[in-house]
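# Topology and contacts: notes
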Amino acid sequence: MSPARRAPLELSAADARRIWLRAQRLDAPEPFGTGPEAVRRAVEQLGYVQIDTIHVIERAHHHILWSRIPGYRRADLHAALSRDKSVFEYWTHALAYVPTRDFRFFLPEMKRRRETPGRWFGSTPPGELRRVLARIRRDGPLSIRDFDDTPVEKVHLWASRKPSKRALECGFHGGALTISARSGMLKTYDLTRRHFGWDASPRPASPRQVLDYLLDRALGAQGAVCLDSICYLDAARKPAMAELIAGRVRRRRLLPVALGIEGAPPHWITPEAAADPPAPVDPTAVHILSPFDPLVIQRKRLGLLFGYDHVFEAYVPESRRRFGYFALPVLVGDRIAAAIDIKADRSKRRLEIRQWTWTEGAPAAGDKAAIEAALHRFEAFQFAS
């Protein structure tokens, strides 16, 4: 039998969950330590941390980091972005914090966006972009509030009436500008080379190196992977990724995996991960997860491995909601035991529970008390100064 046709490794759903939880570092109480260095280590392990604008509770990026760094403070992320410059903002499947060590793998996409800006950025007059870049070069990092433009009509609902806003975003997507600081959703932009202190940008990764990076990033953050989980919202890469995987299987750098779950697609795992099975997860450990958490955002994968189909219902009519407007999945041990719809009442500095749904029917013994204790910790984080 050739290496590419080796019999797949049999992996139970429980083992696949444990491997994923270990990769996500949700199986240990304080896996990254504390402070800005913990933020860097967390973002490097996860590959990226999604940024989201919804502010029903604490924003997703802070919530995701707190889930893995119990002593996390918002200032730690600010320091990692603006002082240490160990993370930067760019697009993965969405806007995210990404390890600065990986910057070169995003340069090809920045070049593509410069050369093929599309309808939105393609309508930015070159002179407007040059004007904005010259202003930042002269005056230092600036936000949209530093530009006094003559307002124009919006071209779509989320657009700004300031022409400089589109130019700032065009410069960001093309790589000339980077986000040097963020306060809520207000972004401050600086020249990329100046922000990082580079005389020249890093060397762009080749197409093959980008593929290798995406595969390795998925393996690091997911443990056992499939084509859908590697190429999440990036179906165009699947044929090339499948070829890369086949080559690694032939060289025995990846092992095929058969999950003991009906309808599961082919999966792969590294020999190192297969040789080091994770220990059972502490059944009393509780994590209140963001809907944008890396464990949750790939809904199909979550449903396959955890048997829980999460629905993000903020855009669902109220009469059709099952879990609530902004339900948070609650991980207890290696189970999604509940989904709790929560809203932060900032005037009273407390969390309001609008709906509590047990996802497995009746809760297991001790679940309610353990989750309530976790909710108190989550409330303290929400309103910490």
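Predicted model, so just to flag it, every value in this text is computed and none were measured. Think of each chain on its own: its residues are numbered from 1, step by step along the sequence as written. Residues qualify for local features only when their pLDDT is at least 70, as the model is predicted, and side-chain atom pairs are given and counted only at 80 or more; totals for whole chains, interfaces and linings, by contrast, use all residues. Remark: hydrogens and water are excluded; side-chain values derive from all non-hydrogen atoms of the structure.

### Thoughts on empty space enclosed by the protein
- The method works on a 1 Å grid over the protein atoms by themselves. A cavity is a set of points holding a 1.4 Å probe that cannot get out, a pocket is an open set with protein on both sides within 12 Å along at least five of seven lines, and residues with an atom within 4 Å of a point line them. Grid points are joined across faces, edges and corners, and a volume is the space filled by probe spheres set on the points. With the rule as written, the count across this model stands at 1 cavity of 30 Å³ or more.
- Computed from the structure, the largest cavity encloses a volume of approximately 40 Å³.
- When residues of the lining of the largest cavity are traced back to their parent elements, those giving at least two are β3 (87-91) and β6 (177-183).
- Secondary structure counts use DSSP, requiring at least four H or I residues in a row for a helix and at least two E residues in a row for a strand, with both numbered from the N terminus. Among the elements that line the lining of the largest cavity, the one with the most residues is β3, at 3 residues.
- For this classification, Asp, Glu, Lys and Arg are treated as charged, while Ala, Val, Leu, Ile, Met, Phe, Trp, Tyr, Cys and Pro are nonpolar and the rest, including Gly, are polar. Class assignment for the residues of the lining of the largest cavity results in 6 nonpolar, 3 polar and 1 charged.

### Details of the sheet that holds strand β13 (residues 350-358)
- One bridge is not enough; two strands pair if DSSP finds at least two bridges between them. Read across the open sheet, the 4 strands follow the order β10-β11-β12-β13; overall the sheet is antiparallel. Looking along the sheet, the strands with just one partner apiece sit at the ends: β10 (286-288) and β13. Taken over all neighbouring pairs, the strand axes of this sheet differ in orientation by 30° on average, direction set aside.
- With 3 bridges connecting them, β10 and strand β11 (residues 327-332) associate as antiparallel partners. Pairing of I288 across the sheet is with V330, part of β11. Axis definition: a line fitted to C-alpha atoms, limited for helices to the stretch in contact. Angles are taken between N-to-C directions and run from 0 to 180 degrees.

### Examining the packing of helix α1 (residues 13-23) against helix α10 (residues 207-222)
- One can describe the packing of α1 onto α10 by two numbers: an axis separation of 6 Å at closest approach and a directional angle of 105°. Between α1 and α10, the interaxial angle falls into the category roughly perpendicular. Mapping the contact onto sequence places I19, W20 and A23 in α1 and G220, A221 and Q222 in α10. Throughout, the term roughly parallel applies to angles under 35 degrees, roughly antiparallel to angles over 145, roughly perpendicular to angles from 65 to 115, and oblique to all others. Contact definition: two residues touch when any of their heavy atoms are within 4.5 Å.

### Some points on the layout of surface pockets
- In this structure, the second largest pocket encloses a volume near 720 Å³.
- Surrounding the second largest pocket, 33 residues form its lining, T92, H93, L214, R217 and D234 being those nearest its centre.
- Elements supplying a minimum of two residues to the lining of the second largest pocket: α5 (107-115), α10 and α11 (227-230).
- No other element matches α10, which puts 8 residues into the lining of the second largest pocket.

### Description of unusual backbone geometry
- A positive phi angle, close to 55°, is found at L233, a residue other than glycine.
- Relative to the elements of secondary structure, L233 occurs in the loop between α11 and α12 (238-250).
- Although it is not a glycine, R252 sits at a positive phi angle of roughly 60°.
- When you line up the elements, R252 lands in the loop between α12 and β8 (255-259).

### Concerning the pattern of salt bridges
- For this analysis, a salt bridge means a side-chain nitrogen from Lys or Arg found within 4 Å of a carboxyl oxygen belonging to Asp or Glu. Overall, the coordinates contain 30 salt bridges when judged by the stated rule.
- Across the pair D276 and R22 runs a salt bridge, and its minimum N-O distance is 3.4 Å. Here R22 lies in helix α1 and D276 lies in the loop between α13 (271-274) and β10, a separation of 254 residues in the sequence.
- The partly exposed category is assigned to D276, whose relative accessible area is 45%.
- One salt bridge connects E37 with R41, and the closest N-O pair in it is separated by 3.7 Å. With E37 and R41 both in helix α2 (residues 35-46) and 4 residues apart, this pair spans about one turn of that helix.
- E37 gets classed as partly exposed once you look at its relative accessible area, which sits at 36%.
- Taking the relative accessible area as the measure of exposure, R41 reaches 32% and is therefore partly exposed.
- Each of E37, R40, R41, E44, R101 and D102 takes part in a single network of salt bridges with overlapping partners. For each residue, the accessible area found with a 1.4 Å probe, counting protein chains only, is set against the maximum for its type, and the residue is called buried under 20%, exposed over 50%, and partly exposed in between.

### Focus on the sheet that holds strand β7 (residues 186-191)
- The antiparallel open sheet is built from 3 strands, whose spatial order is β5-β7-β6. Each edge of the open sheet carries a strand with a single partner, namely β5 (142-143) and β6.
- Here β6 pairs with β7 via 6 bridges, running antiparallel. In the strand pairing of β7, L177 is matched with L191.
- Strands in contact with helix α7 (residues 126-139) are β5, β6 and β7; relative to β7, the strand with the most contacts, it is inclined by about 80°.

### Some details on the nonpolar core
- Only buried residues count toward a nonpolar core. Its members are Ala, Val, Leu, Ile, Met, Phe, Trp, Tyr and Cys residues joined through side-chain atoms within 4.5 Å. Judged by nonpolar contacts, the single largest core of 86 residues is most densely connected at L65, L215 and M241.
- Here this core gets 7 residues from one element, more than from any other, and that element is α10.
- Beyond its immediate chain neighbours, meaning those up to four positions away, L65 contacts V39, A42, V43, V49, Y72 and L77.
- Grouped together as the second largest cluster of nonpolar side chains are 27 residues, L11, A13, V281 and L302 included.

Keep in mind these numbers describe shape, not what the thing actually does.
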